[in-house]
Every structure is written in C-alpha cells, then in structure tokens.
Number of protein chains: 2
Amino acid sequence: MASSEFRPLDEKSLIEYIKATPRLLDLLGEKLEALTVEEVGDGNLNFVYIVVSATGSVVIKQALPYVRCIGESWPMTKERAYFEALALKEHGHLCPEHVPEVYHFDRIMSLIAMRYLKPPHIILRKGLIAGIEYPLLAEHVSEYMAKTLFSTSLLYNSTAVHKKAVAEFCGNMELCRLTEQVVFSDPYKVSQYNRWTSPYLDHDAEAIRADNTLKLEVAELKSMFCERAQALIHGDLHTGSIMVTTDSTQVIDPEFAFYGPMGFDIGAFLGNLILAFFAQDGHASEANDRKLYKQWILRTIEDTWNLFENKFTTLWNDNKDGNGEAYLMDIYNNPELQQLVQKKYMNDLFHDTLGFGAAKMIRRIVGVAHVVDFESIADPGKRAYCEHRALEFAKILMKGRRGFQNINQVVSAIHEIPV
Amino acid sequence: MASSEFRPLDEKSLIEYIKATPRLLDLLGEKLEALTVEEVGDGNLNFVYIVVSATGSVVIKQALPYVRCIGESWPMTKERAYFEALALKEHGHLCPEHVPEVYHFDRIMSLIAMRYLKPPHIILRKGLIAGIEYPLLAEHVSEYMAKTLFSTSLLYNSTAVHKKAVAEFCGNMELCRLTEQVVFSDPYKVSQYNRWTSPYLDHDAEAIRADNTLKLEVAELKSMFCERAQALIHGDLHTGSIMVTTDSTQVIDPEFAFYGPMGFDIGAFLGNLILAFFAQDGHASEANDRKLYKQWILRTIEDTWNLFENKFTTLWNDNKDGNGEAYLMDIYNNPELQQLVQKKYMNDLFHDTLGFGAAKMIRRIVGVAHVVDFESIADPGKRAYCEHRALEFAKILMKGRRGFQNINQVVSAIHEIPV
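All chains use their own residue numbering, which begins from 1 and follows the written sequence. Chain A is the first chain written and ligand 1 is the first ligand written, with later ones labelled in order. Confidence filtering applies because this is a predicted model: local features only for residues at pLDDT of at least 70, side-chain atom pairs given and counted only at 80 or more, and all residues used for totals across whole chains, interfaces and linings. As a convention, hydrogens and water are excluded, and side-chain values are obtained from all of the structure's heavy atoms.

## Some remarks on the overall build of chain A
Right, so step 1: Strands are runs of DSSP state E lasting at least 2 residues, helices are runs of H or I lasting at least 4, and numbering of each runs from the N terminus. A tally of regular secondary structure across chain A gives 15 helices and twelve strands.
Right, so step 2: C-alpha atoms define the radius of gyration, and 2.2 Å times the number of residues to the power 0.38 defines the globule rule. Taken over C-alpha atoms, the radius of gyration comes to 22 Å for chain A, in line with the 22 Å a tight globule of 419 residues would show.
Right, so step 3: Along the longest, intermediate and shortest principal axes, the C-alpha atoms of chain A span 60 × 60 × 40 Å.
Right, so step 4: When a residue's accessible area, from a 1.4 Å probe over protein chains only, is under 20% of the maximum for its type it is buried; when over 50% it is exposed; and in between it is partly exposed. Looking at chain A as a whole, 62% of its 419 residues are labelled buried.
Right, so step 5: Residues are treated as being in contact if the distance between any of their heavy atoms lies within 4.5 Å. Restricting the contact set of chain A to residue pairs at least 6 apart, pairs at least 24 apart contribute 74%.
Right, so step 6: Neither His nor the chain termini are counted; the positive set is Lys and Arg, and the negative set is Asp and Glu. To locate a charge, the coordinates of NZ of Lys, CZ of Arg, CG of Asp or CD of Glu are taken. Looking at chain A, you have 43 positive and 55 negative side-chain charges, and the mean spots of the two groups are 2 Å apart.

Structure representation (structure tokens):
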C-alpha cells in the first residue's frame, strides 16, 4: 500500500495497514489467521509491533515525529526511519548474518517491516544483566563491525561512491544533532534533561562540569563526530541495539546511521560492555557473586577488539588491489610500508574507539538516557557505587586514551579502579 | 538567456551569447560599442574572456568538459562551474573586499560572468617572479582566509546549516578526486603525467617514491582531505589564484571548492610563497640579487599566519554566543578553558597547514602541474638547484610538522636549508 499521508498506527489500524499491503500479506498469509499484535517498543524513540500469524511473522517499526521517551515536547523527524531502512539494507547487504532482513519500507508512514527475531532472542543488555554468557558475541560483533565499517570506507570504495553516500546520509542531520547534544554536550553542562543518582553522585556530576581537561578532550571527539566521514556507522551500537541467543547475534536500530568516525561504533559497544562490567557488583548475590561473569565480560572486551583488528586488516589485505582509493598499491608498494600504514591506522582507530567509548559511558551516568544495567540496581547507594567506579574509569580512559597500546592494557586499567 | 544545451564558445559566438543575455547587455551597454574580446585563460582548466565595451566590462569564464592543459584525453565535468559560482557567491558574501562579484551564471553553459579585475591587477605569482612587494598581501589574504573559513565552520554555523552545505558540495566530487590524484597520489608513484627537471632531479623524484615515512605522512593528509568536512575551502588557493595590485587583493578560481580541511587552503598559500622564495635565486641578477625581496617573502609568510591566527580567534571570540555548535558557551564557560581550547584548535590547524603546504610544494616539483616560479628559470641546472632545495624543505616540513611551535620556527628552518 502506498499511503498518501502519515498517520500514527495502533494495534487496530496496523491490521488494516497489513491488509492493504501485499508484501505483508505474502508474509503473514492472506487470511491473517490467528493474528496477534504486540507492542514491544521499549527503546527511547519508536513504536515496535511484533505481528505473528498462523503462517508467518514480522516486526513492524514506526517512527513518530518526536522522541518517545520524552514525549511530544521533544520533536524528532520521522524521516529517521528512511535512514534506518537505508542502513539496515546496506549493512544487511554487507553482513547478512548479523542484520535482520528488511521486507518492506513505507517512507510516508515512516514504517519498516523486518524479520522478527524470535525467542529465545533477547536484547543483549538484558542478557548481560542476567549474567548470561554469549560465547560467540565477540566473534559476531567484531565480524559485523569489520565488514560494515571497512566496506563503507575509502579503504574499499572510490571517492565517487563515498561522496555520494556521504551526501545522502547528511540528510540524517537531526539524529546526528541529537547525539551531539546528549553525548558530547549535555553531560558537560547544566541541562534540564540531565539526571544522576542523587545525592550520591552530585559531586561526580559537578566534577565533570568543572573538568577542563575532560572538556578539551570531548571537544576533539565531538569535532571528529561532526566532521569526519570515515564510514557508514550504525551510530548507536550499544548493547540495547543487539539481540542475541547463544548462537545468533543481530544488530538492530541503526536510525542514527551516517558517515562518521568508525571509533564511535566500536567505542559504543566496548563502552557499554564496560558499563555492564561495573554494574555486575550491583547484581551480585550470595548465590552468584558474578566474579566469573565479570571475567567473561573483560575477555569479551579483549576478544572483540582483537578479533575486529584482525578481521579488519584481513579485509584490507584481501582488497588492497580493489577500488579503494585511500592507499593505492602503486604507492604503498612494499610489505614494510603496508605494515607501517596499517599499524598507524589501527592505532589511531584504537584511540578514537577508547575516546568515544568513554564519552558513551559518561553520558549514560550523568546525561538524559541511562542504562538498565545500573537502573535495575534497586539500592541507590549500591547503584551509585557502581556508577561512580564506571565514571572514574571513563574519565581515565578519555584523558589517557593515547597512552594505551593495546586492549589488554585497558582491561588492566579497569582492574585498577579502586573498590 | 537560458541556453537549452551546452556549446563551447569562441570569441565570435561569445558576442552572440552576450547579445542574447539581458544582464550582460546591462553591464556592457545595449549597443556593444567598441567591444573587444580577449581570451586570457592561462590556467590549467578553463577558457577565460575579457570583454570590454565603451561603457562597461566583464570577465566571462567557461568550463569545458576536459582539462584544458592536458586536452580532451583527460575528461573533467563542466559542472565544476556550478560549484565555482556557488563558492564565489558564498565567499564573496563573507568577504566582498577580496572576492570578485558574480554578475551572471549559466549552469547549462557552465559559464560565469564576473567583475573584470582591471590593470594593474596581475596574477600574484607573476608579481612574485617579477620581485614586486605587496605590502597589504598578508593582511588581505589572512582576512579572506579567516572570514571564509571561520564562517563556514561549526564554530559559526549550526549542524543543520553545516550538513546541508556539506551535502551540496559533495557534488563537486570529480574535482576533489583530481586533487587527490595530483597532490596526494601521483608524486609518490610512477605516473605518466609526472615530470621534473631531468636528469638533475631524477634522484630526487625517485627518493620521494622510496620514502616510507613521507608516504605514511601523506596518507594521513589525504585521509583528512577526503574525510574531514571542516569548512568551505577554496580548494586551490595558490599564488596563481590571486590577483593583486599594491592595494587590492582578489581571490579567484574556486572551482575546487568543497567542505574540507581548513589547513589545505592556508597551506596552499604559504607553500606557494615558500616555492616563490626558493625560486628567487633563479631570478637574481647582477642588478638585483633579490636578497631584500626574499626577506619580504619570509616576512609575508610569518605575517600571513600570525594575522590569520589573530583574525580567526577574534572572530571566534566575537561569535562565541552565536549559532556555532562546536564549542557551546555553557560548557566552555571560563576564560582559562576558552584559551586552552583555542590554543589546541589553532595548534592543530597550524600543523595541518604545514603538512598540506608541504604536499602542495612537492607536487609542483615532481607532479603534473608545475609553477612558473621555477619554469621561468631558463637554465635547467639553476632551476633544478632551486627546486631541489624547495623539495628538501618540503620533506622536512611534512615529516616534522608537529615539531614546529610557531611560524618563526618554520622561517628559521627555511634559512637552514643547505645552499
């Protein structure tokens, strides 16, 4: 169905929409027997419906023209659904194993119909809170990041392809602007939307607003976020944007996608794993002290970066004679030089990753949008203790990121945060 | 006149075009008395006509779909005229004192009609070869660069304005690609278009193609050129893109304009002044040893950067409560922090400038397009001597740029190049 104008759907009107849309009828069966519709949007922005019939299933996501978790007082273009669909298709093409298929997109309705990730798929963040190990997580996420980031960069594409795609995604400006505000600005100033575990963290929040060195670093990261079109990034790759089972890992919700710095995606994932690590003490019980689970999280952090680095440089080596215009083979024409160039590239990317990861951690503790990892710790004193340690580490990471040579050193530094 | 399709003009058909174009008739007088048309395009790309009538004058520039200095074998989109007109208008709006007015633009004909810069205006490069001092040059060029670069950056504009303009100028991809090739790639590899003063500089050219450290540095600069949308840059701000008298300075030919790194413009200008400096020994005669003139060039290099830095930070201070979203006043809210932030920004920009300046010098000695500063030195041995010293300095500058604290140190390093 080609809708003529936007209207927000509910459970009932969604069924009418399905009935009028051949592609969806194909998926669900013409007669729509035993149809169930469940609204499950627990994210900050959108409405999400799981639709199951006797013969098929689909997830339908609709963007409304405001930020759901704030309300109509915070308008936000529903055109974000267009960029989400575009990114899902592009990243899905590059890494179909870890991105759900898009069945149908309706730009006027800001509506995406995509593959339903059936149980036991759950949001990774919930799995981390429950203390569940995902033995393939590092392998899968590093694969997704390596493939999507490498293949949308100038290491793989010509300038012509790159600039055209950069121009298109400049259209997702409002979502970039939201990130600029909530990640790089609000936590460092007084803002009506900021909140933290008060009164415990009052001093911590104030210290961030008074930290000149931190503000100098975050300015550099913000500039890179605003100016550097390095690759088509997901733009919001935290542990709430990934659905998992023990053998499946699916990346969803790329509505913040645009051409930005690769380190923003890698940092989002690693930073949220570090938050999950520091939250574990709040979830420990007599039955489960979470010590082994904390070790698994740290191993996953190490593995993710190391596997990513390996996969990314392998893609680079495999495509060095391709269309990528950044490092022409006629110039970078000896093994010593190739190694030198890759080492510098990966080293810079590592430091960007740590900086962005730290920024993502800070904003989840003293900014507008918090994470369930901490929010689910009922005792505010205990929660504040976990958050405080995470915040201390994030500040060390952002200020000292250029001093870290490898991910092992980062994990060692996590261990050194005072109890 | 709205042309329906593109056709290359010559002196004769240009007059027909003028007769059919009301805006041009306004400028030149209805009767076109005593009309003279002179083709003066001595640049590498376009055809340029000076049209003078009894009552008015105009310069008419037409882009043809290939690179003029190479011929039809090197195709080049004539859409570049659209971006040139756009940049002339935008930069002209920001700095009318140093940018000629656009009277008329015909996109189909790739034709720009603009103010004729009357004699004694000459191309700055020719003035530098002739040994003419321009006492206001540093003042004027620094003013032009500070106003155009500051006012098209995120220091002045919102993300919304910035991303929209970035997207538009992504369309000038072919010209960006030409720069990528001739500045950042060809000089570092064997290329059919490369040339140098042979056999004198055979070893120099070979040494560049074998210099791993230099190639590592130029890769970083190329990435910045391709990925970083910092401001609307001119894109080709060498001394051949500036017309001067002793009291007027006019910047022309921004057909390479796009959102790129500011240092590329500043570096182009300073790098070409350094080339002019090293060429002076080839122009010295018994009547004029050029010693005082060389001192003037070095002073102009120093003054340009220092004045630029001053004007740029003044604009920043004057607009710190404006729409610019890079450094919000609520965050950068104390004088110490503001100073820290500006110092870091200007220091980074200085190092970018030196890197790009060095790249522009190197490409003019061993790449496809040379400069008359050297080409006009008839004795090839003497020319090669001048070029060799310039090349040695450019390599030092590119590799050691982060070690320079200020422009005086750069000038001192110029003095230290062995005779």
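## Quick word on the sheet that holds strand S7 (residues 111-114) of chain B
Residues and elements named next belong to chain B.
Right, so step 1: Two strands qualify as a pair provided DSSP detects at least 2 bridges between them. Within the open sheet, the five strands sit side by side as S1-S2-S3-S7-S6. Their pairing is antiparallel. Every other strand in the sheet has two partners, leaving strand S1 (36-39) and strand S6 (102-106) as the edge strands with one partner each. Strand-to-strand twist in this sheet, taken as the mean axis angle between neighbours without regard to direction, amounts to 20 degrees.
Right, so step 2: The sheet contact formed by S6 and S7 spans four bridges and is antiparallel. Each bridged residue has a counterpart across the sheet, and for Asp106 the counterpart in S7 is Leu111. Where helices are involved, their axes are fitted lines through C-alpha atoms of the stretch in contact, as for all axes, and angles between N-to-C directions lie from 0 to 180°.

## Some words on the sheet that holds strand S10 (residues 242-244) of chain A
All names here are of chain A.
Right, so step 1: Pairing in this open sheet of three strands is antiparallel, and the strands run S8-S10-S11 from one edge to the other. Bordering the open sheet on either side are strand S8 (122-123) and strand S11 (249-251), each of which pairs with just one other strand.
Right, so step 2: Alignment of S10 against S11, held across three bridges, turns out to be antiparallel. Each residue of the ladder has a partner; that of Ile242, found in S11, is Val251.

## Quick look at the packing of aromatic side chains
Right, so step 1: The pairing test for Phe, Tyr and Trp rings, Trp by its six-membered ring, is centres within 6.5 Å, and the orientation test on the planes gives stacked under 30 degrees, edge-to-face over 60, and tilted for anything in between. Overall, the coordinates contain 48 aromatic pairs over all chains when judged by the stated rule.
Right, so step 2: Look at A:Phe83 and A:Phe169: their rings are 5.8 Å apart centre to centre, the planes differ by 50 degrees, and that puts the pair in the tilted class. You can see A:Phe83 sitting in helix H3 (residues 80-94) and its partner A:Phe169 sitting in helix H6 (residues 159-169), a full 86 residues away along the chain. Residues A:Phe83 and A:Phe169 agree in their burial class; the two are buried.
Right, so step 3: With 5.9 Å between their ring centres and 55 degrees between their planes, B:Phe150 and B:Tyr156 make a pair best called tilted.
Right, so step 4: An aromatic cluster of three or more residues is present, and its members are A:Phe150, A:Tyr156, A:Trp305, A:Phe308, A:Phe312, A:Trp316, A:Tyr327, A:Tyr332, A:Tyr345 and A:Phe350.
Right, so step 5: The ring centre of A:Tyr82 lies 3.5 Å from the NZ or CZ of A:Arg107, which sits over that ring.
Right, so step 6: Criterion for a charge above a ring: Lys NZ or Arg CZ within 6 Å of the ring centre, and within 35 degrees of the ring normal. Sitting over the ring of B:Phe277, B:Lys294 keeps its end group 5.4 Å from the ring centre.

## Let's talk about the interface of chain A and chain B
Right, so step 1: On the side of chain B, 43 residues touch chain A, which itself brings 43 residues to the contact.
Right, so step 2: Put simply, buried area is how much 1.4 Å-probe accessible surface two parts lose in total, over both of them, once they are put together. Across the chain A/chain B interface, buried area totals approximately 4,000 Å², and carbon plus sulfur atoms make up 58% of it.
Right, so step 3: Of all residues in chain A, A:Lys163, A:Leu216 and A:Glu227 give up the largest surface area on contact with chain B, accounting jointly for 18% of the area buried on that side.
Right, so step 4: Any Lys or Arg side-chain nitrogen found within 4 Å of a carboxyl oxygen on Asp or Glu counts as a salt bridge. Connecting chain A to chain B are six salt bridges.
Right, so step 5: A salt bridge links B:Glu227 to A:Arg228, with the nearest nitrogen and oxygen atoms 2.9 Å apart.
Right, so step 6: Listed by contribution, the elements that provide at least two residues to the side of chain A that touches chain B are H6, helix H7 (173-185), helix H9 (212-227) and helix H12 (335-366) of chain A.

## A few points about the relation of the copies chain A and chain B
One copy of the chain maps onto the other through a rotation about an axis plus a displacement along that axis.
Right, so step 1: The copies were overlaid with a least-squares fit restricted to C-alpha atoms from residues scoring a pLDDT of at least 70 in each copy. For the pair chain A and chain B, the best superposition has an RMSD of 0.0 Å and corresponds to a rotation of 180 degrees with a translation of 0.0 Å parallel to the axis. On this basis, the relationship between the two copies can be described by a two-fold rotation axis.

## Quick word on the confidence of the model for chain A
Right, so step 1: What pLDDT expresses is the predictor's confidence in each residue, scored from 0 to 100. The predicted model of chain A averages 96 in pLDDT, with 99% of residues at 70 or higher.
Right, so step 2: Scored as a whole, the predicted complex attains pTM 0.97, and scored at its interfaces, ipTM 0.96.

## Looking at the pairing of strand S6 (residues 102-106) of chain A
Right, so step 1: Most of S6(A) sits inside the fold, with four of its five residues counted as buried.
Right, so step 2: Following S6(A), the chain reverses through four residues before pairing antiparallel with strand S7 (residues 111-114) of chain A; A:Ser110 in that reversal takes a positive phi of roughly 50 degrees.

## Considerations on empty space enclosed by the protein
Right, so step 1: Put simply, the grid is 1 Å and covers the protein atoms alone, a cavity is a trapped set of points that fit a 1.4 Å probe, a pocket is an open set with protein on both sides within 12 Å along at least five of seven lines, and lining residues have an atom within 4 Å of a point. Grid points are joined across faces, edges and corners, and a volume is the space filled by probe spheres set on the points. Enumeration according to the criterion identifies nine cavities of 30 Å³ or more in this entry.
Right, so step 2: Here the largest cavity defines a volume of roughly 250 Å³.
Right, so step 3: Lining the largest cavity are 23 residues, and of these A:Val166, A:Ala229, B:Val166, B:Glu227 and B:Ala229 lie nearest its centre.
Right, so step 4: Of all elements in the fold, only H6, H9 and strand S12 (258-260) of chain A together with helix H6 (159-170), helix H9 (212-227) and strand S12 (258-260) of chain B reach the threshold of two or more residues within the lining of the largest cavity.
Right, so step 5: At five residues, the largest contribution of residues to the lining of the largest cavity is made by H6(B).
Right, so step 6: Grouping the constituent residues of the lining of the largest cavity by class yields 15 nonpolar, two polar and six charged. Three categories are distinguished: nonpolar for Ala, Val, Leu, Ile, Met, Phe, Trp, Tyr, Cys and Pro, charged for Asp, Glu, Lys and Arg, and polar for the others, with Gly belonging to the last.

## Topic: the packing of helix H11 (residues 291-318) of chain A against H12(A)
All names here are of chain A.
Right, so step 1: The interhelical angle for the contact between H11 and H12, taken along N-to-C directions, is 140 degrees, at an axis separation of 11 Å. The angle between H11 and H12 falls in the class oblique. At the point where H11 passes H12, the crossing takes the right-handed sense. Here H11 contributes Trp305, Phe308, Glu309, Phe312, Thr313, Trp316 and Asn317 to the contact with H12, which in turn contributes Val341, Gln342, Tyr345, Met346, Leu349, Phe350 and Thr353.
Right, so step 2: Tallied by class, residues from the contact of H11 with H12 come to nine nonpolar, four polar and one charged. Should an angle fall under 35 degrees it is taken as roughly parallel, and over 145 as roughly antiparallel, whereas 65 to 115 is taken as roughly perpendicular and any remaining angle as oblique. Crossings are assigned a handedness: left-handed for a near helix turned anticlockwise from the far helix by less than a right angle, right-handed for a clockwise turn.

## Quick look at helix H10 (residues 262-283) of chain A
Right, so step 1: What a helix should span is 1.5 Å times the count of its residues minus one. For H10(A), spanning 22 residues, the distance from its first C-alpha to its last is 32 Å, which sits close to the expected 32 Å at 1.5 Å a residue.
Right, so step 2: The buried fraction of H10(A) amounts to 21 of the 22 residues, a majority that puts the element mostly inside the structure.

## Considering helix H7 (residues 173-185) of chain B
Right, so step 1: Of all 13 residues in H7(B), ten are buried; the element is thus mostly enclosed.
Right, so step 2: Of all the positions in H7(B), only B:Met173, B:Leu175, B:Cys176, B:Leu178, B:Thr179, B:Glu180, B:Val182, B:Val183, B:Phe184 and B:Ser185 are classed as buried.

## Describing the environment of A:Leu354
Residues and elements named next belong to chain A.
Right, so step 1: Within the element layout of this structure, Leu354 appears in helix H12.
Right, so step 2: For the pair formed by Leu354 and Ile297, sequence separation is 57 residues and the distance between their alpha carbons is 17 Å.
Right, so step 3: Filtering out sequence-adjacent residues up to four positions away, Leu354 remains in contact with Leu397, Arg401, Phe404 and Val410.

## Considering the environment of B:Tyr82
Residue and element names in this part refer to chain B.
Right, so step 1: Residue placement: Tyr82 occurs in helix H3 (residues 80-94).
Right, so step 2: Judged by its relative accessible area of 14%, Tyr82 falls in the buried class.
Right, so step 3: With 89 residues separating them along the chain, Tyr82 and Gly171 place their C-alpha atoms 9.8 Å apart.
Right, so step 4: If we skip the residues at most four places from it in the chain, Tyr82 touches Phe105, Arg107 and Glu168.

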